[in-house]
Amino acid sequence: MNYEPVIGLEVHVQLKTKSKLFCSCSTEFGAEGNSHTCPVCLGWPGSLPVLNELALKLGIKVGLALNCKVAERLKFDRKNYFYPDLPKAYQISQFDMPVNGKGELLIETKTADGKMIERKIGVTRAHLEEDAGKLLHEGIMDGSLVDYNRGGIPLLEIVSEPDLRSPQEAYDYLTALKAILQYVEVSDCDMEKGSLRCDANVSVRPVGQEKFGTKVEIKNLNSFKMVQKAIQYEIERQTEACENGEAIVQETRLWNDVKQTTFSMRSKEEAHDYRYFPEPDLVPFTLSREAVEELRKTLPELPRERAKRFIQEFGLSDYDAYVLVQEKKIAEYFESCIREGANAKLASNWIQNELLSLLNAKNNTIEDCLVSPHALAGLIRLVEQGTISGKSAKEVLQEMAATGKAADGIVKEKGLVQVSDTGLIEKAVEKAIAANPTAVAEFKAGKQKALGAIVGMVMKETGGKANPKVVNEILCQKLK
Ligand SMILES: [Zn+2]
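Rules behind the numbers
- Residues numbered from 1 in each chain as written.
- Predicted model: local features only at pLDDT ≥ 70, side-chain atom pairs only at ≥ 80, totals over all residues.
- Helix = DSSP H or I, 4+ residues; strand = E, 2+ residues; numbered from the N terminus.
- Rg over C-alpha atoms; globule rule 2.2 N^0.38 Å.
- Buried ≥ 20, exposed ≤ 12 C-beta atoms within 10 Å, placed from the backbone.
- Contact = placed C-beta atoms within 7 Å.
- Pairing = 2+ DSSP bridges.
- Axes fitted to C-alpha atoms, helices over the stretch in contact; angles between N-to-C directions.
- Left-handed = near helix turned anticlockwise from the far one by under 90°.
- Nonpolar A, V, L, I, M, F, W, Y, C, P; charged D, E, K, R; others polar.
- Domains from an automatic or database assignment.
- Parallel < 35°, antiparallel > 145°, perpendicular 65-115°, else oblique.
- Core = buried A, V, L, I, M, F, W, Y, C linked by C-beta atoms within 7 Å.
- Arc of directions from axis to C-beta.
- Right-handed = clockwise from strand over helix to strand, strands pointing away.

## A few points about the overall build of the chain
When you go through the chain residue by residue, the secondary structure sums to 15 helices and 15 strands. A compact globule built from 480 residues would reach a C-alpha radius of gyration of about 23 Å, whereas the chain, at 29 Å, exceeds it by more than 25%. Its C-alpha atoms give the chain principal-axis dimensions of roughly 95 × 55 × 55 Å. Classification of the 480 residues of the chain by burial places 36% in the buried group. A separation of at least 24 residues holds for 69% of the contacts in the chain among residues at least 6 apart in sequence.

Below, the structure is given as structure tokens:
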């Protein structure tokens, strides 16, 4: 029997506000422990929460970008559980009246045989809630420490429908969602700082069966790659269990990145009953449609729209366009190169294939890149005009990235100007033909590859500087 996976994702994103969701404490990351706290976020008796208007607006903007139905009336609820990271012993969240109801996210993804397809993934809801504090287990003393600086920071929890069918789709959904969050400028989406977190719900079922299998929740996923790997592992584990006739246990599992496996954290019996009830200190309120429409007007061009424009305006392939728009800054860099006169397809290739791998190797982002769009456009022009070879251009780009110098200066300095002088190349070609009678005979007998030896010798004769296009033209003429 064949099994198919059913996957849903829950993403928590920290909203970029200066103060917390219900008090005026700072949200700044990295401050001294418990220095950003007050009676409200420490849960002192008698303290009262006040909703942060900006957090609400940012939450609505995400909902609009995900085509969610924005609520007309919303309320907050208490989610009760006892744990040291929660000083009130409840978290203020939203239960039955979330700010954003049903929506959807269109993603580009690859099928198992490598075909690019578009998939529509349902969004169940996206609601506001406050973050919990942070427990530190490795410290200077026995026991654990707790830091409430994070407690009360605004979060938006974005819950997907169980529409995802492969680890690759889960990865592509997260990438597309992160791009939207960055474009709408609601979060820095830094997984290392915990401003973007993800839990995955995974089950398997026989292909053709409509009823879902028993689902397992996986937590502790610190990168998109980790989400992908954990889901893959879990699919294999559950499929094997099903094939052996074993029942799947409904439970929460954690990912162990060292062992590359998931392991059980708690079973359904140990799961919390949160006893949600309305937060009495925050009254339900109505959102005016005008206010929501005003927010819609502030939405920027979103990644998909931008990709569509890149395809139409610049003739890029679907794949190139979607890769370029994933990071807003890279998309902007690309457009700046075009404004500086670069050929769009060449700029796309140079950014994706060369510039980004140079930056990645040094752990740099496009923002601290020493090659300006103007400079990259200059390099591309030199290649286009045939002044330097593509191979030399890669060397030049490395130097540009290390020093911030312009391409033409480096080309002169290193003597990389390509020889396009036909007279000179002709002589080298004649010499190479004379020296390689076997290769010539083979070529004439229909073996295209035989030319390689002759071209190689011409390049050697010209110190690797002959324009390959000119070499090929002359060679073909001579051998006709
Ligand atoms: Zn506070």
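Now that the structure has been shown, the text picks up again.
## What to know about the pairing of strand E9 (residues 154–160)
When you tally the buried positions in E9, you get five out of seven residues, the bulk of the element. Relative to E9, strand E1 (residues 3–14) runs antiparallel, the two being bridged by five bridges. Each residue of the ladder has a partner; that of His12, found in E9, is Glu157. Summarising the sheet, strand E6 (residues 116–130) and E9 pair through seven bridges and their orientation is antiparallel. By the bridge assignment, Ala126 is partnered in E9 with Ile158.

## Observations regarding the packing of helix H10 (residues 390–403) against helix H11 (residues 407–414)
Contact geometry of H10 with H11 gives a least axis separation of 10 Å together with a crossing angle of 120°. When the axes of H10 and H11 are compared, the crossing they make is right-handed. In contact with Val396, Glu399 and Met400 of H10, H11 contributes Ala407, Ile410 and Val411. When its residues are assigned to classes, the contact of H10 with H11 shows five nonpolar, no polar and one charged.

## Some remarks on the domain arrangement of the chain
Assigned domains of the chain: these are domain 1 (3–292), domain 2 (312–414) and domain 3 (422–479). Each of domain 2 and domain 3 was reduced to a C-alpha centroid, and the two centroids are 31 Å apart.

## Description of the sheet that holds strand E13 (residues 261–267)
Each strand in a sheet pairs with its neighbour through backbone hydrogen bonds, running either in the same direction (parallel) or in the opposite one (antiparallel). Strand order across the open sheet formed by eight strands is E5-E6-E9-E1-E10-E11-E12-E13, with mixed pairing between neighbours. Either end of the sheet is taken by a strand with one partner, and the two such strands are strand E5 (103–110) and E13. This sheet shows a mean twist of 30° between the axes of neighbouring strands, independent of strand direction. For strand E10 (residues 196–206) and strand E11 (residues 216–221), the ladder comprises four bridges, and the chain directions are antiparallel. Its bridge partner lying in E11, Cys198 is registered against Leu221. Sitting on the sheet, helix H2 (residues 167–183) is in contact with E1, E5, E6, E9 and E10, with an inclination near 125° to E5. Where helix H3 (residues 224–243) meets the sheet, its contacts fall on E1, E10, E11, strand E12 (251–256) and E13, and the angle it forms with E10 comes to roughly 25°.

## As for helix H6 (residues 318–325)
Taken residue by residue, H6 has Asp320, Ala321, Tyr322, Leu324 and Val325 as its buried positions. Buried residues along H6 sit against E5, H2, helix H5 (303–314), helix H7 (328–339) and helix H8 (344–361).

## A closer look at the packing of helix H9 (residues 373–384) against H10
H10 packs onto H9 with a crossing angle of 160° between their chain directions and a minimal axis gap of 10 Å. Our classification of the angle between H9 and H10 gives roughly antiparallel. In this structure, H9 meets H10 at a crossing whose hand is right-handed. Here Ala375, Leu379, Leu382 and Val383 of H9 come into contact with H10, specifically with Gly390, Ala393, Val396, Leu397 and Met400. In terms of residue class, the contact of H9 with H10 is built from eight nonpolar, one polar and no charged.

## Things to note about the sheet that holds strand E4 (residues 90–93)
The three strands lie next to each other as E4-E3-E14, forming an open sheet whose pairing is antiparallel. Each edge of the open sheet is held by one strand with a lone partner, namely E4 and strand E14 (277–278). Inspection of the sheet shows strand E3 (residues 77–80) paired to E14 by two bridges, in the antiparallel sense. What sits directly across from Arg78, in E14, is Phe277.

## Considerations on the nonpolar core
Residues Ala170, Tyr173, Ala200, Leu376, Leu379 and Val396 are the most contacted members of the largest nonpolar core, which totals 101 residues. Per-element accounting of this core gives the leading share, ten residues, to H2. Split by domain, the residues of this core number at least three in each of domain 1 (3–292) and domain 2 (312–414). Tyr173 has contacts with Leu9, Leu105, Ile107, Ile121, Ser160 and Leu164, leaving out every residue within four places of it along the chain.

## Some details on H11
Working note: α-helix, 3.6 residues per turn, so residues spaced by three or four point in the same direction. Regarding H11, the residues found buried are Ala407, Ile410 and Val411. All buried residues of H11 lie within an arc of 100° about the axis, which places them on one face of the element. What points out from H11, more than 90 degrees from its buried face, is the exposed set Lys412 and Glu413. Looking at the packing, one finds that the buried side of H11 touches H9 and H10.

## Let's talk about the pairing of E12
As judged from the three bridges shared by E11 and E12, these two strands associate in the parallel manner. Counted as the bridge partner of Lys219 is Leu254 from E12. You can see the chain leave E11, run along H3 and come back into E12, and the turn it takes is left-handed. As paired elements, E12 and E13 share six bridges and run antiparallel to each other.

## Some words on the environment of Ile92
Structurally, Ile92 can be placed in strand E4. Sequence separation of Ile92 and Ala132 is 40 residues, and the distance between their C-alpha atoms is 10.0 Å. Apart from residues no more than four positions distant in its own chain, Ile92 is found in contact with Phe22, Pro49, Phe76, Arg78, Glu129, Glu130 and Glu279.

## Examining unusual backbone geometry
Generally, phi is negative for residues other than glycine and the peptide bonds are trans, each holding for most cases. Located in the positive-phi region is Gln260, a residue other than glycine, with phi close to 60°. One can find Gln260 in the loop between E12 and E13. Residues other than glycine seldom take positive phi values, yet Arg275 does so here, at roughly 45°. Mapped onto the elements of the fold, Arg275 is located in the loop between E13 and E14.

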